[in-house]
Amino acid sequence: MNLVFIVLFSFNFFQIFSHELNELDIVAPKRILYITCDPECPISQKYTSLFKTIGDLYPSLQFSLLFSPSTTKSSIIQFYKNYDLKVDRILYIRDHRMKLIKKLGATITPEAFLIDDSKIFYYGAMDDRYYELGKMKSIPTQHFLLDAIDAMLRQKVIKTSHIQAVGCVIEL
């Protein structure tokens, strides 16, 4: 059994809630989005505007950034402040024993995992902005994650359930 801390905060108010996490399938919401994140990863930093967009466009979707145990609570809080991320829209989970990270098969930050009814509906890249490590387009032309969220919410089938993410490696 792993103890995962979910921290909710606003600029002047901090509350810490703990949640016992046993298996992926006992996470209460039917539909949830996890995105692995590392405050030190430049690619994670570049995607913060997309994180905010997802939080605003899909308020009914539970959305959490997933951090490894090497990320300190203070660096997560500072990351949220630096990029104006709102925890009422985007929760965070610090996976102390990496049980969820391993269960998802996450290896890269940022990497998206869209869950529908306890099954992975889509995982991988958010868009085609980064097509190779160190190489990026100024404007993405394909929006894999947004398309997958829309398909899931409309109960449609997606063409591809996985697109390889490009980013920083999660140390396992």
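Residues numbered from 1 in each chain as written. Predicted model: local features only at pLDDT ≥ 70, side-chain atom pairs only at ≥ 80, totals over all residues. Heavy atoms only, no water.

Caption draft 1: Spotlight on the overall build of the chain. A tally of helices and strands in the chain yields 5 helices and 12 strands. Counting over 172 residues, the chain shows a buried share of 47%. For the chain, restricting intrachain contacts to residue pairs at least 6 apart in sequence, the fraction spanning at least 24 positions comes to 70%. Total accessible area on the chain is roughly 9200 Å²; 52% of this is exposed by carbon and sulfur atoms. (Helix = DSSP H or I, 4+ residues; strand = E, 2+ residues; numbered from the N terminus. Buried < 20%, exposed > 50% of the residue type's maximum accessible area, 1.4 Å probe, protein only. Contact = heavy atoms within 4.5 Å. Areas by Shrake-Rupley, 256 points an atom, 1.4 Å probe, with all protein chains shown as cover.)

Caption draft 2: Main features of the pattern of salt bridges. As enumerated under the stated definition, the model contains 6 salt bridges in all. For Asp128, the salt bridge identified is with Lys137, shortest N-O distance 2.6 Å. A salt bridge links Asp150 to Arg154, with the shortest nitrogen-to-oxygen separation between them at 3.9 Å. (Salt bridge = Lys/Arg side-chain N within 4 Å of Asp/Glu carboxyl O.)

Caption draft 3: Just the environment of Lys156, in detail. Mapped onto the fold, Lys156 is located in the loop between helix H5 (144-153) and strand S11 (162-163). If we ignore the near neighbours within four places in the chain, the residues touching Lys156 are Phe121 and Ala151.

Caption draft 4: How the structure looks around unusual backbone geometry. Look at the link from Thr109 to Pro110: it is a cis peptide, with omega at -10°. For Pro110, the location among the structural elements is in the loop between strand S6 (108-109) and strand S7 (111-116). In this model, Asp84 sits at a positive phi of 50°, which is unusual for a non-glycine residue. The class for Asp84 is partly exposed, based on a relative accessible area of 36%. Of note in the backbone geometry, Asp117 takes a positive phi value of approximately 55° without being a glycine. Summarising the element assignment, Asp117 is placed in the loop between S7 and strand S8 (119-124).

Caption draft 5: Seen up close, the environment of Tyr123. Topologically, Tyr123 is positioned in strand S8. Put simply, Tyr123 and Ala165 are 42 residues apart on the chain and 8.5 Å apart in space, counted from C-alpha to C-alpha.

Caption draft 6: How the structure looks around the pairing of strand S3 (residues 31-36). When you tally the buried positions in S3, you get 5 out of 6 residues, the bulk of the element. Pairing analysis gives 6 bridges linking S3 to S7, with the strands arranged antiparallel. When the bridges of S7 are listed, Leu33 appears paired with Leu114. Two elements, S3 and strand S4 (residues 62-67), share 5 bridges in a ladder whose sense is parallel. (Pairing = 2+ DSSP bridges.)

Caption draft 7: Here's a closer look at helix H2 (residues 48-57). Taken residue by residue, H2 has Thr48, Leu50, Phe51, Ile54 and Gly55 as its buried positions. Projected onto a plane normal to the axis of H2, the buried residues spread over an arc of 155° and lie on a single side. In H2, the exposed positions angled more than 90 degrees off the buried face are occupied by Asp56 and Leu57. (Arc of directions from axis to C-beta.)

Caption draft 8: Region of the structure containing the state of the cysteines. Applying the stated criterion to the full structure yields 1 disulfide. Residue pairing for Cys41: its cysteine sulfur links by disulfide to Cys168, the two sulfurs lying 2.2 Å apart. The chirality of the disulfide connecting Cys41 with Cys168 is right-handed, given an S-S dihedral of about 85°. Remark: Cys168 occurs in strand S12 (residues 168-169) and Cys41 occurs in the loop between S3 and helix H1 (42-46); sequence separation between them is 127 residues. A relative accessible area of 1% means that Cys41 is categorised as buried. Distance from the sulfur of Cys37, which forms no disulfide, to the nearest cysteine sulfur (Cys41) is 7.7 Å. (Disulfide = S-S within 2.5 Å.)

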